[in-house]
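The residues making up each chain are set out below.
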Amino acid sequence: MIDPHLLAAFAVASVLIILAPGPSVLFVVGRALAHGRRVALASAVGNAVGAYALVAAVAFGLGPLVERSVVLFTALKLAGAAYLVYLGVKAWRERGALQAETSGGAPEGGLPRLLWEGFAVGAANPKTLVFFAAVLPQFVDRAQGHVALQMLLLGLVFSAIAVVCDSGWAIGASTARAWFARSPRRLSAIGGAGGLCMIGLGLTVAVTGRKD
């Protein structure tokens, strides 16, 4: 149904936008530094699912509306920024308890909570929203029909690439964290750094982007 050439071109465009440091990458890295590999990998999966929710929004007509509306776009951007700051503050406040976490279970709430947090950040990522609203329709062959279905299939490609790339960031950052985990003081410091990273990311998202 989808032209192979369009699919390949979209995959390349997806890799470029995913690898460019932005909210998703920095969020996963921050989670890896603050909480470790398992949390970061779950966050990467949730983030990709959140991005796919944006694909669905674009496919069914909501994406262009949000992209054209300054009010809606700003509301989504600020919601994502506020959530990132909240997660960063939480990680900073809990940095002293990370030593127990490394030898115990997952953070409070378990896997569903981790997936939800990643989903919320992915669904409120302004960079991804603009990419889908402005770029995704260009890779659809309207002559083939089923435009919404084509967008959903392309979105699956994007999400799969996102999981692979973000998981690479998660593994790399968590590997560096493993050295810090040998010392409670070092672990507390890196956990605090991960929290500050997410706080800074949230503030950056809040003050950048469209102003027209």
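Residues numbered from 1 in each chain as written. Predicted model: local features only at pLDDT ≥ 70, side-chain atom pairs only at ≥ 80, totals over all residues. Heavy atoms only, no water.

K.L.:
Honestly, the overall build of the chain in this entry has me stumped. Any pointers?
P.N.:
Helix and strand counts for the chain come out as 10 helices and zero strands. If you list the helices and strands of the chain from N to C, you get α-α-α-α-α-α-α-α-α-α. Within the span of the chain, comprising 212 residues, buried residues form 45% of the whole. Look at the contacts in the chain between residues 6 or more apart in sequence, and 87% of them connect residues 24 or more apart. Summed over all atoms, the accessible surface of the chain reaches about 9,900 Å², with 70% contributed by carbon and sulfur. (Helix = DSSP H or I, 4+ residues; strand = E, 2+ residues; numbered from the N terminus. Buried < 20%, exposed > 50% of the residue type's maximum accessible area, 1.4 Å probe, protein only. Contact = heavy atoms within 4.5 Å. Areas by Shrake-Rupley, 256 points an atom, 1.4 Å probe, with all protein chains shown as cover.)

K.L.:
Is there a simple way to explain the packing of aromatic side chains in this structure?
P.N.:
The geometry of an aromatic ring pair is captured by two quantities: the separation of the ring centres and the angle between the planes. One pass over the structure, following the stated rule, counts three aromatic pairs. Geometrically, the ring pair formed by Phe10 and Phe139 is edge-to-face, given 5.4 Å between the ring centres and 70 degrees between the ring planes. Within this pair, whereas Phe10 is found in helix H1 (residues 4–19), its partner Phe139 is found in the loop between helix H8 (126–134) and helix H9 (147–180), the two being separated by 129 residues in sequence. Just as Phe10 is buried, Phe139 falls in that class too. On the numbers, 5.7 Å between centres and 25 degrees between planes, the contact of Trp116 with Phe119 is stacked. Residue Trp116 and its partner Phe119 are located together in helix H7 (residues 110–123), separated by three residues, close to a single helical turn. (Phe/Tyr/Trp six-rings, centres within 6.5 Å; stacked < 30°, edge-to-face > 60°.)

K.L.:
Please clarify how the environment of Leu33 should be interpreted in this entry.
P.N.:
Within the secondary structure layout, Leu33 lies in helix H2 (residues 23–35). Classification of Leu33 as buried rests on a relative accessible area of 16%. With 145 residues separating them in the primary sequence, Leu33 and Ala178 have C-alpha atoms 9.1 Å apart.

K.L.:
Explain the packing of helix H3 (residues 37–59) against H8 here, please?
P.N.:
A pair of packed helices is characterised by two quantities: the angle between their axes and the separation of those axes. One way to put it is that H3 packs onto H8 with a least axis distance of 9 Å and a crossing angle of 35 degrees. Once H3 is placed against H8, the crossing between them reads as right-handed. Counted together, Ala51, Leu54, Val55 and Val58 of H3 and Thr128, Leu129, Phe132 and Ala133 of H8 form the full contact between these two elements. Its residues assigned to classes, the contact of H3 with H8 comprises seven nonpolar, one polar and no charged. (Axes fitted to C-alpha atoms, helices over the stretch in contact; angles between N-to-C directions. Left-handed = near helix turned anticlockwise from the far one by under 90°. Nonpolar A, V, L, I, M, F, W, Y, C, P; charged D, E, K, R; others polar.)

K.L.:
Sorry, what's going on with the packing of H3 against H7 here?
P.N.:
Here H3 crosses H7 at 45 degrees, and the two axes come no closer than 6 Å. In this view, H3 runs oblique relative to H7, as classed from their interaxial angle. Seen along the crossing, H3 lies across H7 with a hand that is right-handed. Each of Val39, Ala42, Ser43, Val45, Gly46, Asn47, Val49, Gly50, Ala51, Ala53 and Leu54 in H3 lies in contact with H7, whose residues at this interface are Leu111, Leu114, Leu115, Gly118, Phe119, Val121, Gly122 and Ala123. Residue composition of the contact of H3 with H7, grouped by class: 13 nonpolar, six polar and no charged. (Parallel < 35°, antiparallel > 145°, perpendicular 65-115°, else oblique.)

K.L.:
Could you clarify how one ought to interpret the side chain of Ser43 in this entry?
P.N.:
Here Ser43 shows up in helix H3. Residue Ser43 is classed as buried on the basis of its relative accessible area of 0%. At 3.3 Å, the side chain of Ser43 forms a polar contact with the side chain of Arg31. Setting aside anything within four residues of it in sequence, one finds Ser43 in contact with Phe27, Arg31, Leu114 and Gly118. (Polar contact = N/O pair within 3.5 Å; in protein donor to acceptor, adjacent residues only side chain to side chain.)

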